[in-house]
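Close look at the chain arrangement
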Amino acid sequence: MGLLLAMGYMLSSLFGIGVLLIPALVQQIGVGYFLITLTFVAIALNLAAFVILELIEMTGDDVEGSVKLFLGKYGGLATAFYGIFTYSALAAYVLAAGNQLSAWLGGVPHYWSALFFVLAAIPAIGGLTLAALTSTYLSMFLVALMLFIVPINLNFDSIAVPLYGSISQIPLFISLVAFALAGHFSIYEVRRLIRDEKTNIRVFFAAFAFAFLSYAAFGITTAGTSPNLSELSTATLTQIYPPFYAFLVSAIALLAFYTSFIVVSHSFTRVFESYVPKKTIYALLLLPVALLYMLVREYKVLSLTTLVARLGGVSLLLFLALACFAHNKATEKWKTNLPRPISKILGMVFVAAGFIGLFL
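A closer look at the packing of aromatic side chains
Overall, the coordinates contain 16 aromatic pairs when judged by the stated rule. Their ring planes at 45° and their centres at 6.1 Å tell us that Phe 244 and Tyr 245 sit as a pair that is tilted.

Here it is in structure tokens:
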């Protein structure tokens, strides 16, 4: 049972809004640049996973705590980037859920978003077992639907996606893919569910490999379905699919948002549970999300893709850079399997990718 919970929890952190925003950018950059960029980011994130695993094993603490332990006065940056990532991710899930339900069932997106927010917050602020159970069963259903929807997309193929398109959107795409594929914050939670280190590694990389292949298949097949694909691809698919297929694709989107909301929220609350009262944690979690949602929905400060990539993706890249520098610092006193130069170079790569994604 523990292995199933761990796999479901890991998959929940890898299937969220990011994969559903990918097809619109695939149309712009082309299939070739998409696969090259996806592979590059996947390799970097795989190396980062070894960094995170070793930090957790050395300290026995969660990801954020492990980074802060080795970075000293610079550790506050880790908390800041982690907070920005969390708030942007949760606001994006709420925003996208409203858009998806409105496109599928009609009605005002505001009301649908409010309903989603309430229903997702209940298991999110519960214990690890509740969060893991909820995300496990829903993610299994999500994975089954994802496998089913890819061949359906082929039946609705209507445009030819270029092999190589514009390179101007590649920096934004890198940040978006990093946001989508980085389930690294869940590694510590998986470790709490399964104590065996080798099994933890297998769970992460099995889930990551499946997510990588699913992203490639979903991104390419969905990009060819409509010349007017919106940034939230499933909202467009709902409009062009017959009713039953529209139900399936909407279910995929909503399950992705819901399970990811639970996983990200629980990881955030767990960081503060040892020294902050629960009511305060919930306020720290939910109130900024509601405020950011209002800024995006009401004042159009950011688009959904920009919110996810330039806030969530960039903050995640910079957090991973700090993790790499923390690992590099740890190698001064600890024996590690990952060579010291690799973590330092990897950290510099993440810094460069973060600033490129933010300004270009």
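Here we look at the side chain of Thr 225
One can find Thr 225 in the loop between α10 (197-223) and α11 (233-240). Engagement of the side chain of Thr 225 in a polar contact is seen with the backbone oxygen of Thr 222, the distance being 2.7 Å. When residues no more than four places from it in sequence are discounted, the contact partners of Thr 225 are Asn 153, Phe 156, Ser 158, Leu 237 and Ile 240.

Examining a nonpolar patch on the surface
A contiguous nonpolar patch, built from Phe 355, Ile 356, Leu 358, Phe 359 and Leu 360 and spanning about 520 Å² of accessible area, is present on the exposed surface. Along the chain, the position of Phe 359 falls in helix α15 (residues 340-359).

As for the environment of Ser 13
Within the fold, Ser 13 resides in helix α1 (residues 2-14). Look at Ser 13 and you get buried, because its relative accessible area is 16%. When residues no more than four places from it in sequence are discounted, the contact partners of Ser 13 are Ala 180, Ala 182, Gly 183, Ser 186 and Val 263.

Concerning the nonpolar core
The tendency in soluble globular proteins is for nonpolar side chains to be buried side by side. Residues Ile 17, Tyr 93, Ile 149, Phe 257 and Phe 350 are the most contacted members of the largest nonpolar core, which totals 127 residues. Ignoring sequence-local partners within four residues, the contact set of Ile 149 consists of Phe 218, Tyr 241, Leu 248, Val 249 and Ile 252.

Definitions and limits used
Residues numbered from 1 in each chain as written. Predicted model: local features only at pLDDT ≥ 70, side-chain atom pairs only at ≥ 80, totals over all residues. Heavy atoms only, no water. Phe/Tyr/Trp six-rings, centres within 6.5 Å; stacked < 30°, edge-to-face > 60°. Helix = DSSP H or I, 4+ residues; strand = E, 2+ residues; numbered from the N terminus. Polar contact = N/O pair within 3.5 Å; in protein donor to acceptor, adjacent residues only side chain to side chain. Contact = heavy atoms within 4.5 Å. Patch = residues over 30% accessible without salt bridge, like charges linked within 9 Å, V, L, I, M, F, W, Y side chains within 5 Å. Areas by Shrake-Rupley, 256 points an atom, 1.4 Å probe, with all protein chains shown as cover. Salt bridge = Lys/Arg side-chain N within 4 Å of Asp/Glu carboxyl O. Buried < 20%, exposed > 50% of the residue type's maximum accessible area, 1.4 Å probe, protein only. Core = buried A, V, L, I, M, F, W, Y, C linked by side-chain atoms within 4.5 Å.

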